[in-house]
Amino acid sequence: MTEGLDRERWLNDLRQRVPETTAADALARQLGGALLIDVREDNERATGSPEGAVGLSRGFLELRIEQVEPDRDRDVLLLCGSGQRSLLAGEALQRMGYRRVHSVAGGMAAWKAAGLPVSAGALDSDAAERYSRQILLPQVGEAGQAKLAAARIVVIGAGGLGAPALLYLAAAGVGHVTIIDDDRVERSNLHRQVVHADARVGMGKADSARMALLALNPRVEVRVVAERLRAENVETLIRDHDVVIDGADNFATRYLLAAATRRLGIPMVYAAIERFTGQASVFDPRRDDSPCYRCLFPEPPAAADAPNCAEAGVLGVLPGVLGLVQATEALKLVLGIGQPLVGRLLTYDALGMRFRELTLRRDPACPGCGPDAVFNGYTDLEHMCAAAL
Ligand SMILES: [Zn+2]
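Conventions and cut-offs
Residues numbered from 1 in each chain as written. Predicted model: local features only at pLDDT ≥ 70, side-chain atom pairs only at ≥ 80, totals over all residues. Heavy atoms only, no water. Donors = N, O, S within 2.8 Å, 3.2 Å for Na, K, Ca; no water. Tetrahedral: all angles 85-135°; square planar, octahedral: opposite > 155°, others 65-115°. Helix = DSSP H or I, 4+ residues; strand = E, 2+ residues; numbered from the N terminus. Buried < 20%, exposed > 50% of the residue type's maximum accessible area, 1.4 Å probe, protein only. Expected span 1.5 Å × (residues − 1). Salt bridge = Lys/Arg side-chain N within 4 Å of Asp/Glu carboxyl O. Patch = residues over 30% accessible without salt bridge, like charges linked within 9 Å, V, L, I, M, F, W, Y side chains within 5 Å. Areas by Shrake-Rupley, 256 points an atom, 1.4 Å probe, with all protein chains shown as cover.

## Section: the coordination of the zinc ion
Put simply, the ideal angle at a metal is 109.5 degrees for four donors in tetrahedral geometry and 90 or 180 degrees for six donors in octahedral geometry. Only Cys292 (SG), Cys295 (SG), Cys366 (SG) and Cys369 (SG) from the protein reach the zinc ion as donors, at distances of 2.2 to 2.3 Å. Taken together, the four donor atoms surrounding the zinc ion define angles of 96 to 125° at the centre, an arrangement classified as tetrahedral. Each donor residue of the zinc ion lies on the same chain, and together they follow the pattern C-x2-C-x70-C-x2-C. One end of the pair, Cys295, is in helix α14 (residues 293–296); the other, Cys369, is in the segment after β15 (354–359), and 74 residues separate them in sequence. The pair formed by Cys295 and Cys369 is uniform in burial state, with each residue classed as buried.

Here's what the structure looks like:
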């Protein structure tokens, strides 16, 4: 009882020295140029913080405040959970010479009760550290990182293209990754499919890739689909994703993907490789000016003309280069930055070490997206190898 009274007296004493402000007044001051600092712990801020507030935990306040705000004459507003820790924080800043410090009475609880703007999902300390070099980019920032965390990307094939794409998407913090692959890891895959490991030869590729992704970044939700993409499941499996990465090794899957992404309005990031060369492009059905895969390849080749997957050779690093082009395009699409590879076919020649770019236009006679194109349902083509992936 005595202890409780002591604490009350002590808090009242603090209130005499550190002026309080209401949440609504704090917002008005913030809009007028004051700095609002949320001094709660990282995990508390992870569920939301006042819009525009700087997150700086109470424990690090004195150590880092000068980096955040060297001007001791600036209006500084401090907010915590209920308005007590912010009083302590205010006293600490006053001791450091900050002259215009206020504590937000009632803290975050009062801020929310007043219906003031909250930015969801401020980064916790793991995310802030993990993605720090990326968040430093003004084109990404915390807002971009939150977009990545909310993004859903499906990668078709955990093979040569999918391997680097998956690793870098997970590393970058794409929150939801779906891997579709019904193959098993073979030793002959490992010179290029670097998401797998020697110890996982014989394991399903999607499961093996998932293990690598979670080891790299346990924050990512990885969904495994050990099925082959077919006419009857293609829409179900790729719907509800923001981007489709085509790392397929066969024409049957690629034509299915081309049709389904077009119908569902999902951008398809395409790449193909063979021996020492590769190519990549983005087909974005949300854009009127974007060609589709069939503007480039109207009809599948005759089975006799397709290469034999098991016999076609490939330099191990080659799909790595193209898979990373795909990952780059996927991240750009999610973040909404840069110029996507839409309407352009990027070609890569490893032996000459040359990148070239061809303009791709929509084909008015395209059987996939032209005005006379007719969709008669999905068809399962004969399984023909598109390259050695
Ligand atoms: Zn087309």
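We are not done yet, so read on.
## Some points on helix α15 (residues 317–335)
When the terminal C-alpha atoms of α15 are compared, their 27 Å separation across 19 residues agrees well with the 27 Å that a helix rising 1.5 Å per residue should span. Burial within α15 is extensive, with 15 of its 19 residues counted as buried. The first or second residue beyond α15 is Gly336, which carries a positive phi of 70°.

## Some points on the pattern of salt bridges
Counted under the stated rule, the structure contains 24 salt bridges. In this structure, Asp73 engages Arg99 in a salt bridge whose closest nitrogen and oxygen atoms are separated by 2.8 Å. Linking Asp73 in the loop between α4 (61–68) and β5 (76–79) with Arg99 in the loop between α5 (85–95) and β6 (101–104), this pair joins segments that are 26 residues apart in sequence. Its salt-bridge partner being Glu357, residue Arg344 comes within 3.1 Å of it at the nearest N-O pair.

## A look at helix α10 (residues 162–172)
Among the eleven residues of α10, nine are classified as buried, and the element is accordingly described as predominantly covered. Two residues or fewer past α10, Gly173 is found with a positive phi of approximately 95°.

## Considerations on a nonpolar patch on the surface
On the surface, Phe276, Leu315, Val317 and Leu351 cluster together to form a nonpolar patch covering roughly 380 Å² of accessible area. Positionally, Phe276 belongs in the loop between β12 (268–274) and β13 (277–283). With relative accessibility at 31%, the residue Phe276 sits in the partly exposed group.

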